[in-house]
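Structure at a glance
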Amino acid sequence: MKNKFIYFAVIAALGLASCEPEFETEVSDASYSSGEADFSSYVAIGNSLTAGFMDNTVSRGGQAYSYPNLLAKQFKIVGGGEFTQPSFADDVNNLGGLTLGGQVIRGTRLVIDYSVKLPEPIAGTPTIEVSAGVHGAVNNMGVPGAKSFHLLAPGYGSLDGVVPGTANPYFVRHASSPTATVLGDAMSKKPTFFTNWIGSNDVLSYATSGGVGVDHNATGNMDPSTYGGNDITNATVFGGVYTQIVNTLTSAGAKGVVCTIPSVTAIPFFTTIPYNPLTVVTVAGGNQAAYEATINALNTQLYGPLKQVLTAFGAGNRIKLLSTTSANPLLIKDETLPDLKDQLTAALTPMFGPEVAADFGEAFGQARQTTAQDLVLLTTRPVIGTAPEDVPALINKYGITYPLEDNHILIPSEKTAIADATSAYNAAIKSAAATKGLAVADMNAVMNKLANGLRLDDGQIYTADYFTLAGSLNNYSTVLFSLDGVHPNPRGYAVLANEIIKVINSHYKAKLPIHEVGGFPGITILGSN
Amino acid sequence: MRKLLSLTLLALASTSVFAGGYRVSLQGQKQLAMGHTGVAVVNSAEVLFFNPAGISFLEDKFNASIGGNLLFAETKFQNETYNWQNSTDNMGTPFSIYASYKINKWLSAGIAVYTPYGSEVEWDRDWQGSHLVNRIDLKAIYIQPTVSFKVNDAFAIGGGPIYVIGSVEFNKNLNRSLTDESGNRSDVSLDANGINAWGYAAGFMLNPCKEMRLGVNYRSEIIMEARGGMAAFNEIPVFLQEKFSNTTFSADLPLPAELTAGLSLNLTDKWMIAFDYNRTMWSAYKDLTIDFDNSVETSVNPRNYQNTNTYRVGTQYEATDKFTFRAGWYKDESPIASGYFAPETPRNDSMGYTGGLTYQINKNLGVDASFLYLHFDEIDASYDHYQETTLVNGQAVTSTIPFGGTYKSTVFSPGVGVTYSF
């Protein structure tokens with residue numbers, strides 16, 4: 001009888017083993033396909049966005065979340081080859097930054113210091129030395145700071161060129177030789193598939209500098225070797241360079257995706273600070289009585305007289321009296337306005353005496369208040385209220401009693417120059433793609449949606465507004481930008497990678513899985529720094 | 001952040017794959033082998049669970065049945081959009097102890113200890129659905145003193161109070177991405193022990209003729225009220241540690257009422273068939289609300305369970321004096337409505353196949369064995385009620401983030417027991 005129970009136990013055990021649940025169609029690598037694409041050698045071309053730059057630097061940790069690296073992980077499922085990125089092994093403490101000959105030339109990555117609720121560089125000293133890179137071509141050829149024409153420039157990776165500004169410290173670290181070009185190193189990987197997201201810096205550096213550079217669409221200067229760092233690249237030059245890059249990339253039959261350039265108006269660097277940031281909170285720490293006293297004094301001593309005089313010269317609309325009940329705009333210098341310096345000095349002399357009147361004339365000759373048409377740079381926030389050099393005490397507060405400078409604000413004419421260049425570049429990008437039958441990832445469209453909240457397929461809404469987190473943490477996990485206000489955070493890069501995957505899936509009839517965006521890290525918040 | 005805490009907690013409930021919801025239908029070896037029928041079957045002291053009135057019709061003065069099962073439940077999960085695969089393997093050990101005593105011709109008494117609800121599911125830590133559940137372990141032991149009155153040879157009633165001792169442990173991550181400074185995912189563990197509650201069971205049995213029995217049994221809803229359970233927040237980044245301090249919590253979990261009606265027929269002296277119908281009042285489980293005794297927001301997790309029907313059929317055949325063989329089948333409906341399929345209770349409708357035998361060692365002592373195989377079709381399902389709130393241009397906007405994919409479960413459970421009577 002005992003035997004029977006043993007038989008029963010054996011049968012039960014067999015039953016158990018056969019009880020493994022099985023899907024009719026198991027999800028595995030075989031569920032996916034590369035379609036018409038061949039990912040065996042994938043190379044990414046681009047700038048900081050491609051390098052995995054975030055929080056104002058490339059760090060070892062951040063680089064792992066570059067969108068090319070995230071793409072390569074999915075490509076691997078369908079036959080993608082090894083994907084290498086420039087070595088940041090020397091960033092042992094994951095601080096980012098750069099040193100040149102031991103001197104810090106770029107600060108550490110930004111974190112939010114919760115004790116002050118503001119972004120600041122993480123404590124520590126960078127250990128990434130420009131002269132101590134690992135040389136040789138890599139699959140991720142994203143070079144932070146590169147403009148379109150830099151990809152073709154020999155010597156862009158020469159250590160000797162860093163100080164004069166003809167070379168790029170990041171490319172110096174991995175260029176295969178001092179005379180190598182970015183594109184040449186990329187081609188040495190014999191790409192079968194590429195992504196190309198170059199061009200943002202051709203206009204972005206002008207924008208982030210507050211428009212202090214020169215717009216070469218206006219000057220007609222076609223020689224990029226003469227351009228300053230903050231200039232706008234001539235669109236015809238851009239189109240020629242872009243076509244040359246794409247022709248080279250496709251010369252051996254590679255397929256790929258090109259990405260459009262995002263509008264600056266979509267990124268938090270330009271959208272975080274409102275044009276009218278002067279409020280009872282920012283000016284008087286929430287004390288309404290003190291605020292009213294301050295505003296009334298400003299109106300009596302400065303804004304009133306200024307408006308009166310300007311009105312006499314037909315420019316009264318440059319200044320409005322400040323309000324005690326609503327948010328007030330900033331004082332700025334608009335270099336496109338007629339300079340009323342002499343008229344102001346003369347008119348104010350009876351009131352203030354010649355010396356002060358001359359200072360006022362100098363300061364307010366082209367002054368006006370900001371309007372909703374102006375963009376205040378993120379980097380301008382800490383400047384507001386600080387003292388310009390060599391000005392009288394009465395007018396020693398930037399933005400409040402003294403006009404902010406050209407490099408603090410984007411005014412409408414500068415915005416127009418940027419928008420025109422951006423759309424001309426994007427037209428060139430789309431046209432080059434059409435010629436070669438390449439897929440286009442419209443990053444411009446994606447980033448634009450972020451400004452008003454981007455609802456992803458998984459149901460989560462994301463915004464560009466993370467500074468709201470001061471006081472509330474609602475937005476801690478729903479912001480896609482890193483703390484520099486220009487570059488995405490890991491979660492943002494995952495969104496971009498997914499957009500590119502969707503384009504590949506539809507254009508090349510591939511079937512690749514997307515990343516779960518919600519599982520990626522956002523910004524770093526430290527209790528103290 | 002409010003949703004950081006969607007502590008689906010206790011879900012307490014939940015889990016696994018036994019039968020619908022967190023009901024575990026394994027309350028006796030003989031009856032399990034017959035498709036877990038029994039409201040109108042008088043086989044052994046197991047009838048204390050199925051219908052307390054039935055002890056009046058047991059032939060012997062004293063009857064006892066003790067048994068236990070090994071419950072193996074496995075669920076696989078996959079999602080093609082994200083190339084996710086995962087699975088969870090769990091084992092449970094439900095048991096039952098029954099004893100009845102015939103005090104006189106018309107009065108019998110008994111005691112039953114059994115575990116009709118419970119659930120343990122453990123997914124890989126930080127798996128794709130970890131914002132809903134990493135691990136849950138729900139236990140409830142029912143202790144039911146019982147009396148039965150035989151009104152006449154054709155009719156008896158019975159019932160008794162039920163005292164429940166329960167515990168629950170639950171762990172989930174706070175959301176889909178939050179980590180501490182070292183990159184460890186932030187999670188919360190809820191732990192409530194020694195939860196006590198009262199309920200009752202009552203039934204009647206009617207024998208209209210020698211070949212037939214009819215039975216009806218009702219077991220009341222019992223709310224497990226967890227009070228003062230420990231909530232521990234782990235791997236919290238420094239900037240949130242003040243808010244997410246360890247605390248206590250309160251939560252209620254209903255163990256739903258169940259109404260059973262059925263009949264058994266003796267087709268011959270040796271051959272019986274039985275039919276049971278269960279109606280389980282799962283609609284008591286509207287949501288799982290966890291109140292924390294600190295500033296962490298109350299977590300409300302919709303469940304919206306639906307009442308369910310279970311249809312059972314079983315048969316037994318006394319082949320010899322020594323051997324009795326049994327078999328059964330049932331169809332078990334899941335209480336989970338579309339869009340509420342959470343991975344802590346990954347279960348859809350199922351079909352149960354049962355079998356077993358008794359070996360009678362002597363007149364008084366028998367050994368029972370049973371097995372259960374539960375078949376689940378694979379199902380594409382999601383939980384669509386996980387929410388996070390975001391400020392968009394100053395306005396709070398709620399995002400509902402579904403979590404789902406394809407699930408496929410199997411459950412297998414061998415069991416053994418002994419029956420003693422004199």
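Not measured: the values here are computed from a predicted model.

The helix and strand inventory of chain B stands at two helices and 24 strands. When the backbone C-alpha atoms are referred to their principal axes, chain B occupies close to 75 × 40 × 35 Å. For chain B, the proportion of contacts with a sequence separation of at least 24, taken over those separated by at least 6, is 70%. Accessible area of chain B: about 14900 Å², with a carbon and sulfur share of 56%. Distance between charge centroids for chain B: 8 Å, based on 31 positive and 42 negative side chains.

Moving on, we come to the overall build of chain A. Looking only at helices and strands, chain A features 17 helices and 16 strands. Each principal axis of the C-alpha distribution contributes one length, and for chain A these read about 115 × 65 × 45 Å. Burial analysis of chain A (529 residues in total) assigns 55% to the buried set. Summarising the internal contacts of chain A: among those between residues at least 6 apart in sequence, 74% fall at separations of at least 24.

Buried accessible area, meaning the area lost when the parts come together, often serves as the stated size of an interface. At the interface, 52 residues of chain A touch 49 residues of chain B. Here chain A packs against chain B, burying approximately 4200 Å² in sum over the two surfaces, 60% of which is carbon and sulfur. Put simply, chain A and chain B have three salt bridges between them. When the shortest N-O distance is used, the salt bridge between A:Glu26 and B:Lys76 registers 3.1 Å. At the surface where chain A touches chain B, the tally comes to 14 residue pairs in polar contact (both at pLDDT 80 or more). Where the side of chain A that touches chain B is concerned, the elements lending two or more residues are helix H1 (2–17), strand S15 (461–462) and strand S16 (525–526) of chain A.

In terms of nonpolar packing, the biggest core is built from 225 residues, with A:Phe270, A:Phe364, A:Ile504 and B:Leu255 touching the most fellow members. Sort the elements by how many residues they give to this core and helix H17 (residues 490–507) of chain A lands first, with nine residues. Of the residues that make up this core, three or more belong to each of domain 1 (31–270 + 412–526) and domain 2 (280–369 + 375–410) of chain A. Dropping the residues within four chain positions of it, B:Leu255 is found in contact with B:Tyr22, B:Tyr117, B:Ala140, B:Tyr142, B:Val164, B:Ser220, B:Glu221, B:Ile222 and B:Met224. Residues B:Val24, B:Leu26, B:Leu71 and B:Val411 belong to the second largest nonpolar core, which totals ten residues.

We now examine the sheet that holds strand S6 (residues 140–142) of chain A. Residues and elements named next belong to chain A. Across the sheet, which stays open at both edges, the five strands sit in the order S6-S1-S7-S8-S13 with parallel pairing between neighbours. The strands lining the two open edges of the sheet, one partner per strand, are S6 and strand S13 (439–441). Within this sheet the neighbouring strands show an average axis-to-axis angle of 15°, counted without direction. Taken together, the three bridges between strand S8 (residues 255–259) and S13 define a ladder with parallel strand orientation. Residue pairing for S13: Val258 is matched across the bridge by Val440. Packed on one face of the sheet, helix H9 (residues 235–249) meets strand S1 (42–46), strand S7 (193–197) and S8 and runs near 165° to S7. Packed on one face of the sheet, H17 meets S7, S8 and S13 and runs near 155° to S13.

A few words now on the sheet that holds strand S5 (residues 118–121) of chain A. All names here are of chain A. Strand order across the open sheet formed by three strands is S5-S4-S16, with mixed pairing between neighbours. Each edge of the sheet is formed by a strand with only one pairing partner; in this case those strands are S5 and S16. Of the strand pairs in this sheet, strand S4 (residues 110–113) and S5 are connected by four bridges, and their pairing is antiparallel. Residue Leu110 lies in a different strand from S5, and its bridge partner there is Pro121.

A separate point is the domain arrangement of chain A. Residue and element names in this part refer to chain A. Looking at chain A, the domain boundaries give domain 1 (31–270 + 412–526) and domain 2 (280–369 + 375–410). Domain 1 and domain 2 are separated by 39 Å when their C-alpha centres are compared. With 21 residues of domain 1 at the interface, the matching set in domain 2 holds 13 residues. Together domain 1 and domain 2 conceal approximately 1200 Å² of surface at their shared face, both sides included; 65% is due to carbon and sulfur atoms. Considering only the side of domain 1, the residues that lose the most area to domain 2 are Phe269, Phe270 and Glu414, jointly responsible for 38% of the buried surface there. Summed over the shared surface of domain 1 and domain 2, the result is zero salt bridges. Here the side of domain 1 that touches domain 2 is built from residues that sort into eleven nonpolar, seven polar and three charged.

Right, let's talk about the pairing of strand S12 (residues 247–255) of chain B for a bit. Regular strands show a simple pattern: their side chains alternate between the two faces of the sheet. All names here are of chain B. The buried fraction of S12 is high, at seven of nine residues. By the bridge criterion, nine bridges tie strand S11 (residues 222–234) to S12 in an arrangement that is antiparallel. Bridging across to S12, Met230 finds its partner in Thr248. Direction of pairing for S12 relative to strand S15 (residues 287–292): antiparallel, over a ladder of three bridges. Bridge pairing in S15 links Ser250 to Asp291.

Positive phi, close to 55°, is recorded for A:Asn94, a residue that is not glycine. Within the secondary structure, A:Asn94 sits in the loop between helix H4 (67–77) and strand S2 (98–100). With a phi angle near 60°, B:Asn83 is a residue other than glycine that sits in the positive phi range. With respect to the secondary-structure elements, B:Asn83 resides in the loop between strand S3 (71–79) and strand S4 (84–92).

A word on helix H15 (residues 412–436) of chain A. The periodicity of an α-helix, 3.6 residues per turn, causes residues three or four positions apart to be oriented the same way. All names here are of chain A. Here H15 contains 25 residues, and its C-alpha end-to-end distance of 36 Å stays within 8% of the 36 Å for a straight helix at 1.5 Å per residue. Buried residues of H15: Glu414, Ala417, Ile418, Ala421, Thr422, Tyr425, Asn426, Ala428, Ile429, Ala432 and Ala433, and no others. Note on H15: the residue one or two positions beyond its end, Gly437, has a positive phi of about 70°.

What follows deals with the packing of aromatic side chains. Residue and element names in this part refer to chain A. One pass over the full model with this rule turns up 51 aromatic pairs over all chains. With a centroid separation of 6.3 Å and 55° between ring planes, the pair formed by Tyr42 and Phe193 is classed as tilted. Taken together, the residues Tyr42 in strand S1 and Phe193 in strand S7 connect sequence positions 151 residues apart. Accessibility expressed as a relative area gives 3% for Tyr42, which makes it buried. With a relative accessible area of 0%, Phe193 lands in the buried category. The interplanar angle of 75° and the centroid separation of 5.6 Å between the aromatic rings of Phe360 and Phe364 together place this pair among those described as edge-to-face. Of this pair, Phe360 and Phe364 are both found in helix H14 (residues 354–364), four residues apart, which corresponds to roughly one turn of the helix. For Phe364, a relative accessible area of 1% gives the class buried.

Take the pattern of salt bridges next. It is possible for side chains of opposite charge to pair when their charged atoms get near one another. Residues and elements named next belong to chain B. Under the definition given, this model contains 22 salt bridges over all chains. Among the ionic pairs, Glu169 bridges to Arg135, the shortest N-O distance being 2.7 Å. Of this pair, Glu169 sits in strand S8 (residues 155–173) while Arg135 is found in strand S7 (residues 135–152), placing the two residues 34 residues apart along the sequence. Here Glu169 falls in the partly exposed class, since its relative accessible area comes to 32%. Ionic contacts of the salt-bridge type, sharing partners, join the residues Glu120, Glu122, Arg135 and Glu169 into one network.

The next subject is the pairing of strand S6 (residues 107–122) of chain B. All names here are of chain B. Most of S6 is tucked away, with twelve of its 16 residues classed as buried. Note that strand S5 (residues 95–102) and S6 share seven bridges and pair antiparallel. Bridge pairing in S6 links Lys102 to Ser108. Following S5, the chain reverses through four residues before pairing antiparallel with S6. Sheet analysis places S6 next to S7, joined by 14 bridges and oriented antiparallel. Following the sheet pairing, Ala112 is matched in S7 by Gln144.

Cut-off values and rules
Per-chain numbering applies: the sequence of each chain, read as written, is numbered from 1 onward. A letter from A marks each chain and a number from 1 marks each ligand, given out in the order of writing. It should be noted that, the model being predicted, local features are given only for residues of pLDDT at least 70 and side-chain atom pairs only at 80 or more, the latter also being counted only at that level, while totals for whole chains, interfaces and linings use all residues. Note that the side-chain values use all heavy atoms of the structure and ignore hydrogens as well as water. Labels follow the DSSP assignment, with helices taken as runs of H or I lasting at least four residues and strands as runs of E lasting at least two, numbered in each case from the N terminus. Here, two residues are considered to be in contact whenever any of their heavy atoms come within 4.5 Å of each other. Reported accessibility uses the Shrake-Rupley method at a 1.4 Å probe radius. Residues are deemed covered only where the shown protein chains occlude them. In summary, the charge assignment counts Lys and Arg as positive and Asp and Glu as negative, without counting His or the chain termini. The atom standing in for a charge is NZ when the residue is Lys, CZ when it is Arg, CG when it is Asp and CD when it is Glu. Each residue is assigned to one of three classes by its accessible area relative to the maximum for its type, calculated with a 1.4 Å probe on protein chains only: buried under 20%, partly exposed between the two thresholds, exposed over 50%. Throughout, buried area stands for the accessible area (probe radius 1.4 Å) lost by two parts on being put together, summed over both. What makes a salt bridge here is a side-chain nitrogen of Lys or Arg within 4 Å of a carboxyl oxygen of Asp or Glu, nothing more. Under the rule applied, a polar contact is a pair of N or O atoms within 3.5 Å (in protein, one hydrogen donor and one hydrogen acceptor; residues adjacent in sequence only if both atoms are side-chain atoms). By nonpolar core we mean a set of buried residues, namely Ala, Val, Leu, Ile, Met, Phe, Trp, Tyr and Cys, connected to one another through side-chain atoms within 4.5 Å. Boundaries between domains were set according to an automatic or database domain assignment. Should DSSP find at least two bridges between two strands, the strands are regarded as paired. Each axis is a line fitted through C-alpha atoms, and for a helix only the stretch in contact is used; angles between axes span 0 to 180 degrees, taken between their N-to-C directions. Amino acid classes used here: Ala, Val, Leu, Ile, Met, Phe, Trp, Tyr, Cys and Pro are nonpolar; Asp, Glu, Lys and Arg are charged; the rest, including Gly, are polar. Expected helix span is taken as 1.5 Å per residue step, with the number of steps being one fewer than the number of residues. Between rings of Phe, Tyr and Trp, where Trp is taken as its six-membered ring, a pair exists when centres lie within 6.5 Å; planes separated by under 30 degrees are stacked, by over 60 edge-to-face, and by other angles tilted.

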